[in-house]
Number of protein chains: 2
Amino acid sequence: MRADAQRNRDRLLDVAKEVVEEHGTQASLRDIARRAEVGMGTLYRHFPTRDALLEALLGRRFDRLAERADALADSREPAEALRVWVGEFVAGGAPYRGINASMIATLQDPTSALHASCAAMRNAGTRLLQRAQQAGDVRNDVDGLDLFALINAVGWITEQAESIAERRAHLVSLVLDGLTH
Amino acid sequence: MRADAQRNRDRLLDVAKEVVEEHGTQASLRDIARRAEVGMGTLYRHFPTRDALLEALLGRRFDRLAERADALADSREPAEALRVWVGEFVAGGAPYRGINASMIATLQDPTSALHASCAAMRNAGTRLLQRAQQAGDVRNDVDGLDLFALINAVGWITEQAESIAERRAHLVSLVLDGLTH
DNA sequence: TTGACAAGTGGAACGTCGCTCCGGTTATCT
DNA sequence: AGATAACCGGAGCGACGTTCCACTTGTCAA
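No experiment lies behind these values; they were computed from the predicted model shown.

(A) Fine view of the overall build of chain A. The secondary structure content of chain A amounts to 10 helices and 0 strands. Tracing chain A from N to C terminus, the helices and strands come up as α-α-α-α-α-α-α-α-α-α. When the backbone C-alpha atoms are referred to their principal axes, chain A occupies close to 55 × 35 × 25 Å. Residue burial in chain A is summarised as follows: out of 181 residues, 49% are buried.

Below, the structure written as structure tokens:
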């Protein structure tokens, strides 16, 4: 990649991070290009779809959550590991409004640039869940998709209203209690 | 109201119902006007905001859910009444994609045309919850907002993916079990 | 060092949207 | 029948996502 292209790419990512934290994953692409002092063509050259841009922003976050799940599996009791991970999952999505909707959309679209890292993260969560089930801590009629659906649901609702966001930990706790024996 | 105005209003509502069921609460207003064979001015004259249009479409639905809560309170055991109502709440929102987001937004904006009927419905749900708590069926560290948040969260997630929608009843059941002793 | 050219760029253009506004039309009442 | 208030359609504005292409510039071989 040419040096000027690399500069523009870096600059776009910096600005995109800022704008997405401010306006969510539905932020205006034009606005991002404008703030990066770059034409629309340049933005689209580097990130042909909105997902491609989000992938660069969120992919690492997903990877880190997947790693975190594995680390917790090694260091904590099954039920507690699951609890901690879910808490971090929900809290971690907070700064990026719309991230939960993006995750669900991504997971259904195998062509999405985010698909792989998102699926890997979901699988890591599933492993934590199964471990807790084998330990007898979690009821057996729950699978990874149930877990993923519920934690995204709670993540989503906590970004809809400040009064609900304040209860994030409580809502997570209520839902997890429903999964626990 | 003049006869022609009434005709246009009725026609707009018919078409809006159709289009919203097809495209969700974020449906294009221009599209609604077009399909109703009416100008944008006419649409905005009758429904000055998107909420005003939704109010006409969804208000009755909310009222009916509120009444339903009261009826269930009279005819069922507290825990079962809550369970049935929550199930109907979540299932009933299914045909209108985006309804859960609209409800949360509406509830935070007292100027919204939908605010009153939405708040009334939430209060009806809260009464069912409190009744179940007094009967000792539901844990006491849950309030009406927790309940409302959770059922909207589940409602929302079930409109995000067909594979999740299939599990609607199961997810509702998991969440309710978390509230139950 | 220089020249050719692939790689990279910016922004105009198109069709969409929500929303406002207004000149023309028409139902209704006297 | 005529006046008039209510009602109408759609043009216009500034935003959006996305595509496209004429122009500029970094790079590398000669």
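Still more ground to cover, so stick around.
(B) Local environment of the UniProt feature "DNA-binding region" (unreviewed entry) in chain A. In the numbering adopted here, UniProt assigns the feature "DNA-binding region" (unreviewed entry) to residues 28-47 of chain A. Along residues 28-47 of chain A one finds 70% helix and 0% strand; the C-alpha atoms at either end are 14 Å apart.

(C) A look at the protein's contact with DNA strand D. As a matter of local geometry, DNA strand D sits amid 26 residues, with Arg30 and Met40 of chain A together with Asn8, Gly41 and Thr42 of chain B nearest to it. The sugar-phosphate portion of DNA strand D accounts for 56% of its atoms within 4 Å of the protein, the bases making up the rest. Here Gly39 of chain B contributes a backbone N or O atom positioned 3.2 Å from a phosphate oxygen of DNA strand D. With respect to DNA strand D, the backbone of Gly41 of chain B contributes an N or O atom lying 2.7 Å from a base oxygen. Take the surface near DNA strand D: its biggest share by element is 5 residues, from helix 3 (residues 40-46) of chain B.

(D) Spatial organisation of the protein's contact with DNA strand C. Around DNA strand C, 26 residues are found, and the nearest of them are Arg2, Asn8, Thr42 and Arg45 of chain A together with Arg30 of chain B. Of all atoms in DNA strand C that approach within 4 Å of the protein, 55% are sugar or phosphate atoms. One of the backbone N or O atoms of Gly39 of chain A is found 3.2 Å from a phosphate oxygen in DNA strand C. Contact distances for DNA strand C include 2.9 Å between a phosphate oxygen and a backbone N or O atom of Leu29 of chain B. Counting residues per element, the ones that place at least two in the surface near DNA strand C are helix 1 (3-23) and helix 3 (40-46) of chain A together with helix 1 (3-23), helix 2 (29-35) and helix 3 of chain B. The greatest single-element share of the surface near DNA strand C, amounting to 5 residues, is contributed by helix 3 of chain A. When its residues are assigned to classes, the surface near DNA strand C shows 9 nonpolar, 7 polar and 10 charged.

(E) Seen up close, the layout of surface pockets. Space inside the largest pocket adds up to approximately 400 Å³. Taken together, 18 residues line the largest pocket, and the ones lying closest to its centre are Gln26, Ala101 and Trp156 of chain A together with Trp156 and Gln160 of chain B. Elements that contribute at least two residues to the lining of the largest pocket include exactly helix 4 (50-75) and helix 6 (99-108) of chain A. Top contributing element to the lining of the largest pocket by residue count: helix 6 of chain A, with 3 residues. Along the lines of polarity and charge, the residues of the lining of the largest pocket split into 6 nonpolar, 7 polar and 5 charged.

(F) Seen up close, the packing of aromatic side chains. Residue and element names in this part refer to chain A. A complete count under the given rule lists 5 aromatic pairs over all chains for this structure. A centroid spacing of 6.2 Å and a plane angle of 70 degrees characterise the contact between Phe89 and Phe148, whose relative ring orientation is edge-to-face. Of this pair, Phe89 sits in helix 5 (residues 78-93) while Phe148 sits in helix 8 (residues 144-158), placing them 59 residues apart in sequence. This pair shows no difference in class: Phe89 is buried, exactly as Phe148 is.

(G) Highlighting the relation of the copies chain A and chain B. When chain A is fitted onto chain B, the two copies agree to an RMSD of 0.1 Å after a turn of 180 degrees and an axial shift of 0.0 Å. In the structure described here, the two chain copies are related by an operation that fits a two-fold rotation axis. Minimal C-alpha distance to the rotation axis in chain A is attained by Gly178 of chain A, lying at 1.7 Å. Comparing interface residues between copies, 100% of those in chain A also lie at the interface in chain B; the contact surface is shared.

(H) Expanded view of the UniProt feature "domain: HTH tetR-type" (unreviewed entry) in chain A. According to UniProt, the "domain: HTH tetR-type" (unreviewed entry) feature falls on residues 6-65 of chain A. The annotated region residues 6-65 of chain A carries 80% helix and 0% strand content, and the separation between its end C-alpha atoms amounts to 28 Å.

(I) Representation of the environment of Ala91 of chain B within the structure. Here Ala91 of chain B lies in helix 5 (residues 78-93). Ala91 of chain B sits 64 residues away from Gly155 of chain B along the chain, and the two C-alpha atoms are 7.5 Å apart.

So, how was this worked out
- Residues numbered from 1 in each chain as written.
- Chains lettered and ligands numbered in written order.
- Predicted model: local features only at pLDDT ≥ 70, side-chain atom pairs only at ≥ 80, totals over all residues.
- Heavy atoms only, no water.
- Helix = DSSP H or I, 4+ residues; strand = E, 2+ residues; numbered from the N terminus.
- Buried < 20%, exposed > 50% of the residue type's maximum accessible area, 1.4 Å probe, protein only.
- UniProt positions renumbered as here; feature names shortened; annotations may be inferred.
- Near = heavy atom within 4 Å.
- Polar contact = N/O pair within 3.5 Å; in protein donor to acceptor, adjacent residues only side chain to side chain.
- Nonpolar A, V, L, I, M, F, W, Y, C, P; charged D, E, K, R; others polar.
- 1 Å grid on protein atoms, 1.4 Å probe; cavity = no way out; pocket = protein on both sides within 12 Å on 5 of 7 lines; lining within 4 Å.
- Points joined across faces, edges and corners; volume = space filled by probe spheres on them.
- Phe/Tyr/Trp six-rings, centres within 6.5 Å; stacked < 30°, edge-to-face > 60°.
- Least-squares fit on C-alpha atoms with pLDDT ≥ 70 in both.
- Contact = heavy atoms within 4.5 Å.

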